[in-house]
Amino acid sequence: MGRPNDLVQGTLGLLILKTISLEPKHGWAIAKRIEQISNDVLQVQQGSLYPALQRLEQQGWIRSKWGETETGRQARFYSLTAAGKAQLEREREMWTRLSAAIDLVVES
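These numbers come from a predicted model, not from an experiment. (Residues numbered from 1 in each chain as written. Predicted model: local features only at pLDDT ≥ 70, side-chain atom pairs only at ≥ 80, totals over all residues. Heavy atoms only, no water.)

Draft legend 1. Inspection of the side chain of T19 at higher detail. Counting through the fold element by element, T19 comes out in helix α1 (residues 11–19). Each residue touching T19, except ones within four places of it in the same chain, is listed here: K25, I30, R33 and I34. (Helix = DSSP H or I, 4+ residues; strand = E, 2+ residues; numbered from the N terminus. Contact = heavy atoms within 4.5 Å.)

As C-alpha coordinates, then:
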(Lines give C-alpha, C1' and ligand atoms only; values in the text may rest on other atoms or scores of the structure.)
Protein backbone atom coordinates (compact mmCIF):
# COMPACT_ATOMS: atom_id res chain seq x y z
CA MET A 1 0.00 0.00 0.00
CA GLY A 2 1.37 3.45 -0.90
CA ARG A 3 1.82 6.36 1.42
CA PRO A 4 -0.66 9.19 1.49
CA ASN A 5 1.03 12.21 -0.08
CA ASP A 6 -0.42 14.73 2.31
CA LEU A 7 -1.48 14.57 5.90
CA VAL A 8 -5.18 15.07 6.41
CA GLN A 9 -5.63 18.81 6.49
CA GLY A 10 -5.52 20.13 10.03
CA THR A 11 -3.95 17.04 11.56
CA LEU A 12 -0.30 18.12 11.62
CA GLY A 13 -0.83 20.33 14.67
CA LEU A 14 -2.47 17.46 16.54
CA LEU A 15 0.38 15.11 15.59
CA ILE A 16 3.02 17.60 16.74
CA LEU A 17 1.25 18.34 20.04
CA LYS A 18 0.89 14.62 20.75
CA THR A 19 4.51 13.88 19.79
CA ILE A 20 5.98 16.44 22.18
CA SER A 21 3.48 15.74 24.97
CA LEU A 22 5.84 13.23 26.59
CA GLU A 23 9.13 15.10 26.22
CA PRO A 24 10.62 18.06 24.35
CA LYS A 25 11.92 17.23 20.88
CA HIS A 26 13.67 19.11 18.09
CA GLY A 27 12.08 19.38 14.64
CA TRP A 28 13.85 16.49 12.97
CA ALA A 29 13.07 14.22 15.93
CA ILE A 30 9.39 15.22 15.79
CA ALA A 31 9.19 14.30 12.10
CA LYS A 32 11.02 10.99 12.64
CA ARG A 33 8.83 10.09 15.63
CA ILE A 34 5.63 10.67 13.64
CA GLU A 35 7.02 8.54 10.81
CA GLN A 36 8.11 5.82 13.24
CA ILE A 37 4.83 5.67 15.21
CA SER A 38 2.78 5.56 11.99
CA ASN A 39 4.84 2.62 10.68
CA ASP A 40 6.27 4.83 7.93
CA VAL A 41 2.83 5.72 6.55
CA LEU A 42 3.03 9.40 7.51
CA GLN A 43 5.93 11.59 6.43
CA VAL A 44 6.24 15.18 7.55
CA GLN A 45 8.16 17.37 5.15
CA GLN A 46 10.30 20.19 6.57
CA GLY A 47 8.36 22.64 4.42
CA SER A 48 5.25 21.75 6.40
CA LEU A 49 6.79 21.03 9.80
CA TYR A 50 8.57 24.30 10.57
CA PRO A 51 5.70 26.62 9.58
CA ALA A 52 3.41 24.46 11.74
CA LEU A 53 5.83 24.67 14.68
CA GLN A 54 6.01 28.44 14.27
CA ARG A 55 2.21 28.68 14.14
CA LEU A 56 1.78 26.53 17.27
CA GLU A 57 4.36 28.65 19.10
CA GLN A 58 2.62 31.89 18.08
CA GLN A 59 -0.64 30.46 19.43
CA GLY A 60 1.08 29.77 22.76
CA TRP A 61 0.59 26.02 22.57
CA ILE A 62 4.28 25.18 22.43
CA ARG A 63 7.51 26.90 23.46
CA SER A 64 11.02 26.41 22.20
CA LYS A 65 14.51 26.79 23.52
CA TRP A 66 17.92 26.02 22.13
CA GLY A 67 19.61 22.85 23.26
CA GLU A 68 22.08 20.25 22.18
CA THR A 69 21.00 17.14 20.27
CA GLU A 70 22.30 13.64 20.92
CA THR A 71 24.88 14.27 18.17
CA GLY A 72 26.12 17.52 19.70
CA ARG A 73 24.35 19.79 17.22
CA GLN A 74 22.47 22.90 18.42
CA ALA A 75 18.74 22.75 17.72
CA ARG A 76 15.49 24.25 18.96
CA PHE A 77 13.66 21.89 21.29
CA TYR A 78 9.89 22.24 21.39
CA SER A 79 7.75 21.49 24.44
CA LEU A 80 4.07 21.70 25.27
CA THR A 81 2.69 24.59 27.35
CA ALA A 82 -0.30 24.29 29.71
CA ALA A 83 -2.45 25.87 26.98
CA GLY A 84 -1.00 23.33 24.54
CA LYS A 85 -2.01 20.45 26.80
CA ALA A 86 -5.59 21.75 26.83
CA GLN A 87 -5.50 22.21 23.05
CA LEU A 88 -4.20 18.66 22.60
CA GLU A 89 -7.18 17.32 24.51
CA ARG A 90 -9.63 19.41 22.45
CA GLU A 91 -8.06 18.30 19.19
CA ARG A 92 -7.95 14.68 20.30
CA GLU A 93 -11.69 14.77 21.08
CA MET A 94 -12.45 16.40 17.70
CA TRP A 95 -10.33 13.80 15.90
CA THR A 96 -12.10 10.94 17.68
CA ARG A 97 -15.51 12.33 16.66
CA LEU A 98 -14.39 12.99 13.07
CA SER A 99 -12.76 9.61 12.52
CA ALA A 100 -15.77 7.80 14.02
CA ALA A 101 -18.08 9.71 11.66
CA ILE A 102 -15.90 8.87 8.65
CA ASP A 103 -15.86 5.20 9.69
CA LEU A 104 -19.65 5.21 9.81
CA VAL A 105 -19.86 6.53 6.26
CA VAL A 106 -17.12 4.31 4.83
CA GLU A 107 -18.40 1.15 6.49
CA SER A 108 -22.08 1.71 5.59
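Further notes follow.
Draft legend 2. Focus on the packing of helix α2 (residues 27–37) against helix α3 (residues 46–58). Interaxial distance between α2 and α3 falls to 10 Å at its minimum, and their mutual angle equals 115°. Accordingly, the angle class assigned to the pair α2 and α3 is roughly perpendicular. The way α2 lies across α3 gives a crossing that is right-handed. Contacts from G27, W28, I30 and A31 of α2 reach α3 at L49, Y50 and L53. Taken together, the residues that form the contact of α2 with α3 break down as six nonpolar, one polar and no charged. (Axes fitted to C-alpha atoms, helices over the stretch in contact; angles between N-to-C directions. Parallel < 35°, antiparallel > 145°, perpendicular 65-115°, else oblique. Left-handed = near helix turned anticlockwise from the far one by under 90°. Nonpolar A, V, L, I, M, F, W, Y, C, P; charged D, E, K, R; others polar.)

Draft legend 3. Structural detail: a nonpolar patch on the surface. Taken together, the side chains of W95, L98, I102 and V106 make up a nonpolar region of the molecular surface, amounting to roughly 370 Å² of accessible area. W95 gets classed as partly exposed once you look at its relative accessible area, which sits at 35%. (Patch = residues over 30% accessible without salt bridge, like charges linked within 9 Å, V, L, I, M, F, W, Y side chains within 5 Å. Areas by Shrake-Rupley, 256 points an atom, 1.4 Å probe, with all protein chains shown as cover. Salt bridge = Lys/Arg side-chain N within 4 Å of Asp/Glu carboxyl O. Buried < 20%, exposed > 50% of the residue type's maximum accessible area, 1.4 Å probe, protein only.)

Draft legend 4. Examining the layout of surface pockets more closely. Here the largest pocket defines a volume of roughly 270 Å³. Forming the walls of the largest pocket are L15, K18, T19, L22, E23, K25, R33, I34, I37, S38 and L42. At the level of secondary structure, the elements contributing two or more residues to the lining of the largest pocket comprise α1 and α2. For the lining of the largest pocket, the class distribution of residues is five nonpolar, two polar and four charged. (1 Å grid on protein atoms, 1.4 Å probe; cavity = no way out; pocket = protein on both sides within 12 Å on 5 of 7 lines; lining within 4 Å. Points joined across faces, edges and corners; volume = space filled by probe spheres on them.)

Draft legend 5. Highlighting the sheet that holds strand β2 (residues 62–68). The strand order β1-β3-β2 describes an open sheet built from three strands, whose pairing is antiparallel. Among the strands making up the open sheet, the edge pair consists of β1 (25–26) and β2. As paired strands, β2 and strand β3 (residues 74–80) are joined by seven bridges and run antiparallel to one another. Note on β3: the bridge partner recorded for K65 is F77. Sheet contacts for α3: β2 and β3; angle to β2, the most-contacted strand, approximately 120°. (Pairing = 2+ DSSP bridges.)

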